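Chain by chain, the residues run as shown.
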Amino acid sequence: AQKITQTQPGMFVQEKEAVTLDCTYDTSDPSYGLFWYKQPSSGEMIFLIYQGSYDQQNATEGRYSLNFQKARKSANLVISASQLGDSAMYFCAMREAGYSSASKIIFGSGTRLSIRP
Amino acid sequence: NAGVTQTPKFQVLKTGQSMTLQCAQDMNHEYMSWYRQDPGMGLRLIHYSVGAGITDQGEVPNGYNVSRSTTEDFPLRLLSAAPSQTSVYFCASSYRKTSNEQFFGPGTRLTVL
């Protein structure tokens with residue numbers, strides 16, 4: 001069964017510093033996708049970045065990058081030069097391709113990131 | 001495009017009442033899903049659909065029904081509300097089941113007394 005683990009319930013980071021949010025996953029499917037979402041205090045879910053299991057390079061989207069270490073089953077989110085607006089809950093998620101008619105996406109429990117001015 | 005819309009935004013029910021949470025998308029997305037988010041937890045998948053007429057169960061389907069009669073709409077029905085169903089409910093959609101991005105609605109905050 002697929003599983004996502006985020007071991008950091010909360011983090012405090014100084015503004016302009018880089019921050020790494022941890023995510024490990026477990027799956028027996030060789031084909032899968034990994035996602036990160038941001039949930040600000042307003043409650044909406046905002047897609048940040050995606051990494052496919054067969055992608056050779058780490059995904060990047062602006063200040064976000066995904067540090068994908070396949071052998072370790074790790075998909076950490078790196079935010080460079082953090083900003084006050086980065087304060088939010090961050091969720092790691094995974095989708096297995098599988099052989100079923102549809103692929104489910106499951107979420108980790110999240111990390112609450114707080115940026116200090 | 002309105003994206004993914006959900007109604008109502010807030011709802012209070014008494015135990016045993018039934019209701020339907022509405023979800024609609026105008027992006028012609030094949031894949032739609034419902035999640036619930038409880039305090040301090042991530043999102044858990046309730047039901048999902050890969051197209052009109054096709055639905056399947058997620059992680060926590062008990063107490064909920066869905067149907068997908070059109071591509072645009074994916075309502076979630078609570079048959080007999082229980083306090084354990086107090087949660088924030090999110091509807092999401094994507095172009096295909098394998099799409100890299102899901103678009104989320106704004107959520108419905110449901111309280112069952």
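Summarised in this report is the structure supplied together with it. Every chain is numbered independently, its residues counted from 1 as its sequence is written. All chains are assigned letters beginning with A, and all ligands numbers beginning with 1, in the order in which they are written. In keeping with the predicted nature of the model, local features appear solely for residues at pLDDT of at least 70, side-chain atom pairs appear and are counted solely at 80 or more, and the whole-chain, interface and lining totals rest on all residues. Side-chain numbers here rest on the full set of heavy atoms in the structure, without hydrogens or water.

## Quick notes on the overall build of chain A
No. 1: Helix and strand assignments follow DSSP, with helices taken as H or I runs no shorter than four residues and strands as E runs no shorter than two, numbered in order from the N terminus. Secondary structure summary: chain A contains zero helices and 12 strands in total.
No. 2: When the helices and strands of chain A are placed in sequence order, the string is β-β-β-β-β-β-β-β-β-β-β-β.
No. 3: Computation of the radius of gyration draws on C-alpha atoms, with the globule rule given as 2.2 Å multiplied by the number of residues to the power 0.38. Its C-alpha radius of gyration of 14 Å places chain A within 12% of the 13 Å reference for a compact globule of 117 residues.
No. 4: For every residue, the accessible area (1.4 Å probe, protein chains only) is compared with the maximum for its type, and the residue is labelled buried under 20%, exposed over 50%, or partly exposed between those bounds. Across the 117 residues of chain A, 50% fall into the buried class.
No. 5: When contacts within chain A are restricted to residue pairs at least 6 apart in sequence, those whose partners lie at least 24 apart make up 55%.
No. 6: Here the accessible surface of atoms and residues is derived via Shrake-Rupley with a 1.4 Å probe, and residues count as covered only by protein chains that are part of the display. Of the roughly 5600 Å² that chain A leaves accessible, carbon and sulfur atoms contribute 49%. We call two residues in contact whenever any of their non-hydrogen atoms come within 4.5 Å of each other.

## Remarks on the layout of surface pockets
No. 1: Quantified by volume, the largest pocket comes out at close to 520 Å³.
No. 2: As for the largest pocket, its lining consists of 27 residues, and the residues nearest its centre are Gln39(A), Gly43(A), Gln37(B), Val88(B) and Arg109(B).
No. 3: When residues of the lining of the largest pocket are traced back to their parent elements, those giving at least two are strand E10 (88-96) of chain A together with strand E9 (87-94) and strand E11 (108-112) of chain B.
No. 4: For the lining of the largest pocket, the element with the most residues is E11(B), which contributes four residues.
No. 5: Basically, the charged four are Asp, Glu, Lys and Arg, the nonpolar ten are Ala, Val, Leu, Ile, Met, Phe, Trp, Tyr, Cys and Pro, and anything else, Gly included, counts as polar. Each residue belonging to the lining of the largest pocket can be placed in one class, and the counts come to 11 nonpolar, 12 polar and four charged.
No. 6: Taken as a whole, the second largest pocket encloses approximately 170 Å³ of empty space.
No. 7: With a 1 Å grid spanning the protein atoms alone, the term cavity applies to any set of points in which a 1.4 Å probe fits but cannot get out, the term pocket to an open set with protein on both sides within 12 Å along at least five of seven lines, and the term lining residue to any residue with an atom within 4 Å of a point. Lining the second largest pocket are 12 residues, and of these Ile106(A), Phe107(A), Leu43(B), Arg44(B) and Glu59(B) sit closest to its centre. Grid points are joined across faces, edges and corners, and a volume is the space filled by probe spheres set on the points.

## Focus: the nonpolar core
Side chains that are nonpolar tend, in soluble globular proteins, to be buried together.
All names here are of chain A.
No. 1: By nonpolar core is meant a set of buried Ala, Val, Leu, Ile, Met, Phe, Trp, Tyr and Cys residues that side-chain atoms within 4.5 Å join together. Of all hydrophobic cores here, the largest spans 26 residues; its most connected members are Trp36, Leu77 and Tyr90.
No. 2: Contributing elements (two or more residues each) for this core: strand E2 (10-14), strand E3 (19-21), strand E5 (32-39), strand E6 (46-52), strand E8 (64-69), strand E9 (74-79), E10 and strand E12 (111-116).
No. 3: When residues in this core are grouped by element, the largest group, four residues, is from E10.

## Observations regarding the sheet that holds strand E3 (residues 19-25) of chain B
Residues and elements named next belong to chain B.
No. 1: As summarised here, the arrangement of the four strands in space is E1-E3-E8-E7, forming an open sheet in which the pairing is antiparallel. Where the open sheet ends on each side, the last strands, each with one partner, are strand E1 (4-7) and strand E7 (64-66). Direction aside, the axes of adjacent strands within the sheet are offset by 20° on average.
No. 2: The pairing of E1 with E3 spans four bridges and is classified as antiparallel. Looking at E3, one finds that Val4 is bridged to Gln25. A pair of strands counts as paired when DSSP detects no fewer than two bridges linking them. Lines fitted to C-alpha atoms define the axes here, with helix axes fitted over just the stretch in contact, and angles between the N-to-C directions of these axes take values from 0 to 180 degrees.

## Considering the packing of aromatic side chains
No. 1: Two aromatic rings from Phe, Tyr or Trp, using only the six-membered ring of Trp, form a pair when their centres are within 6.5 Å; if the ring planes differ by under 30 degrees the pair is stacked, by over 60 it is edge-to-face, and anything between is tilted. Per the counting criterion, the structure on display carries 13 aromatic pairs over all chains.
No. 2: Consider the rings of Phe90(B) and Phe104(B), whose centres lie 6.3 Å apart with planes at 80°: the pair is edge-to-face. Of the two residues, Phe90(B) sits in strand E9 while Phe104(B) sits in strand E10 (residues 103-104), which places them 14 residues apart along the sequence.
No. 3: Judged by relative accessible area, which is 1%, Phe90(B) ranks as buried.
No. 4: You can call Phe104(B) buried: its relative accessible area is 12%.
No. 5: Linked through ring pairs, Phe35(A), Tyr37(A), Phe47(A), Tyr50(A), Phe91(A), Phe107(A), Tyr35(B), Phe90(B) and Phe104(B) together constitute an aromatic cluster.
No. 6: We count a charge as sitting over a ring when the NZ of a lysine or the CZ of an arginine lies within 6 Å of the ring centre and within 35 degrees of the ring normal. For Arg63(A), the ring lying beneath its charged end belongs to Tyr64(A), and the centroid distance is 5.7 Å.
No. 7: Stacked on the ring of Phe74(B), the Lys or Arg Arg68(B) has its end atom at 6.0 Å from the ring centre.

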